[in-house]
Amino acid sequence: MKTRITELFGIRYPIQCGGMLWLATPELAAAISNTGAMGNLTSGNYNSADELRAAIDRTRDLTPHPFIVNITTMPSIRLPLALLQNFFRVCCEKQVKAIEIAGAPVDTFLGAEFLPMAKQAGVKVLHKVGTVKHALHAEKVGYDAVTVAGFEEGGFPHKDNVSTIILVPKVVEAVNIPVLAAGGMADGKSLAAALALGADGIMMATRFLATKESGVHSNIYQTLLEKNETDTALQLQKLLQGFGLQVRALRNDIMRRIEAIEAVDGDLAELLPLISGERARKVWQNGNIEEAMLTIGQSVGRIQDIPSVAELIPRMVREAEAALQKALARTKAN
Ligand SMILES: Cc1cc2nc3c(=O)[nH]c(=O)nc-3n(C[C@H](O)[C@H](O)[C@H](O)COP(=O)(O)O)c2cc1C
């Protein structure tokens, strides 16, 4: 499968793993990259530039293939601006294949010198966007590609609640740089649909969470198999208003407590401990699914097994090719 994204990344299949705090580690990134897709190393897993440097080296020990480094550019106490800037510098110094920015644009948040720095190092930079306006900005300031995420996605979708099927063709028609479709992508049928909408590939995360190599607790795997597309909820619209974002996570006790606090404009001091990344980190390992905000997308409704990534990727590619051929054959037959 050759597209502008396989060419940009130098990979075999136009499928990328999205950033996943605590889960997109060297081991998962390398396993995905070894299949011919694009693994993701999430910088937020680390507390210093040196730790990220070591993680990049570790990933390179595990795969000769390219991978992308996620930098989530949002105000954070644990990950202050200076550290995010250093993460970006490390990626350039190490000449990783690509950086995935999620949040505020590099040019305004990290600084005007950062996109030229990446260009000079030969590092491709993508921005994850949830609106046409942000895609246009990314193209204008020199990003190499955009990832367009509809509000089906797990994590932090844009507040406008526009679905992937609307947003992807709008962005494809608005920009000339390559486009990855995200939000609701889970199998070969969604890959085929994204290609039909004009995207150059897909990015997905919930589906990669539901693979053997994500290494989460067996309760999490069981939950991913049992939950369906109505079991996630959008929340934190008030807290994240200033960023134009909200969160999509699994409906559970913590989400109901968050909802109650938001409904009465409750105290930030009450909210912050509930949404802390530390809680999620523990739950991925101990499997107590009621105890943290677990960012999971509507695509959970399309997950019926826990394959290895080496099984998942070729299966998706086969399914996508068959889906495209079947669609054509069906319409011709009628
Ligand atoms: C478990 C999990 C953790 C995530 N952590 C991050 C993160 O640290 N940074 C980020 O930019 N996006 C994060 N996301 C969002 C994904 O990168 C991606 O945008 C989204 O999940 C795509 O939708 P899908 O889940 O339907 O595939 C996370 C998603 C999941 C499922």
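Parameters and conventions
- Residues numbered from 1 in each chain as written.
- Predicted model: local features only at pLDDT ≥ 70, side-chain atom pairs only at ≥ 80, totals over all residues.
- Heavy atoms only, no water.
- Helix = DSSP H or I, 4+ residues; strand = E, 2+ residues; numbered from the N terminus.
- Buried < 20%, exposed > 50% of the residue type's maximum accessible area, 1.4 Å probe, protein only.
- Near = heavy atom within 4 Å.
- Polar contact = N/O pair within 3.5 Å; in protein donor to acceptor, adjacent residues only side chain to side chain.
- Areas by Shrake-Rupley, 256 points an atom, 1.4 Å probe, with all protein chains shown as cover.
- Core = buried A, V, L, I, M, F, W, Y, C linked by side-chain atoms within 4.5 Å.
- Contact = heavy atoms within 4.5 Å.
- Arc of directions from axis to C-beta.
- Phe/Tyr/Trp six-rings, centres within 6.5 Å; stacked < 30°, edge-to-face > 60°.
- Lys NZ or Arg CZ within 6 Å of the ring centre and 35° of its normal.

Topic: the environment of Gln 235
Working step 1: Relative to the elements of secondary structure, Gln 235 occurs in strand β9 (residues 232-235).
Working step 2: Judged by relative accessible area, Gln 235 falls into the buried class, the value being 9%.
Working step 3: As a C-alpha pair, Gln 235 and Glu 262 span 27 residues in sequence and 8.5 Å in three-dimensional space.

A look at unusual backbone geometry
Working step 1: Backbone geometry at Trp 22 places phi at a positive 75°, although glycine is not the residue there.
Working step 2: Within the element layout of this structure, Trp 22 appears in the loop between β1 (15-17) and α2 (26-33).
Working step 3: The class for Trp 22 is buried, based on a relative accessible area of 12%.
Working step 4: In the Ramachandran plot, Asn 161 falls in the positive-phi region, its phi being about 60° despite a non-glycine side chain.
Working step 5: Within the secondary structure, Asn 161 sits in the loop between β6 (145-149) and α8 (164-174).
Working step 6: Residue class for Asn 161 comes out partly exposed when judged on its relative accessible area of 38%.

Regarding the site of the ligand
Working step 1: Neighbouring the ligand are 21 residues, the closest being Gly 19, Lys 128, Glu 153, Ala 205 and Thr 206.
Working step 2: The side chain of Asn 70 places a nitrogen or oxygen atom 3.2 Å from an oxygen atom of the ligand.
Working step 3: The contact in question runs from an oxygen atom of the ligand to an N or O atom on the side chain of Lys 128, over 2.8 Å.
Working step 4: Starting from 600 Å² of accessible surface for the ligand in isolation, the protein chains cover 94%.
Working step 5: Contributing elements (two or more residues each) for the shell around the ligand: β3 (67-73) and β8 (201-204).

Some remarks on the nonpolar core
Working step 1: If you look at the biggest cluster of nonpolar residues, it comprises 83 residues, and the most contacted ones within it are Ile 15, Phe 88, Phe 208 and Leu 294.
Working step 2: Considering every element that reaches this core, the biggest residue donor is helix α4 (residues 81-93), with seven residues.
Working step 3: With residues near it in sequence (within four places) discarded, Leu 294 still touches Ile 220, Ala 249, Leu 250, Ala 280, Val 283, Trp 284 and Ile 289.
Working step 4: Leu 236, Val 247, Ala 249 and Ile 275 belong to the second largest nonpolar core, which has 14 residues in total.

Quick look at the environment of Phe 88
Working step 1: Take Phe 88: it is sitting in helix α4.
Working step 2: Look at Phe 88 and you get buried, because its relative accessible area is 0%.
Working step 3: Along the sequence, Phe 88 and Gly 266 sit 178 residues apart, while their C-alpha atoms lie 36 Å from each other.

Some points on helix α14 (residues 277-286)
Working step 1: Those residues of α14 lying buried are Ala 280, Val 283 and Trp 284. On an axial view of α14, the arc spanned by its buried residues comes to 105°, and they lie on one face. In α14, the exposed positions angled more than 90 degrees off the buried face are occupied by Lys 282 and Gln 285.
Working step 2: The elements touched by buried residues of α14 are α10 (206-209) and α11 (218-226).
Working step 3: Following α14 by one or two positions, Gly 287 adopts a phi angle in the positive range, close to 75°.

Side note on the packing of aromatic side chains
Working step 1: One pass over the full model with this rule turns up one aromatic pair.
Working step 2: Consider the rings of Phe 88 and Phe 114, whose centres lie 5.4 Å apart with planes at 85°: the pair is edge-to-face. Taken together, the residues span a long stretch of sequence, with Phe 88 in helix α4 and Phe 114 in helix α6 (residues 114-121) at a distance of 26 residues.
Working step 3: Positioned above the aromatic ring of Phe 151 is the side chain of Arg 248, whose terminal nitrogen or guanidinium carbon lies 5.3 Å from the ring centre.
Working step 4: Geometry around Trp 22 places Arg 281 over its ring, the cationic atom sitting 4.1 Å from the centre.

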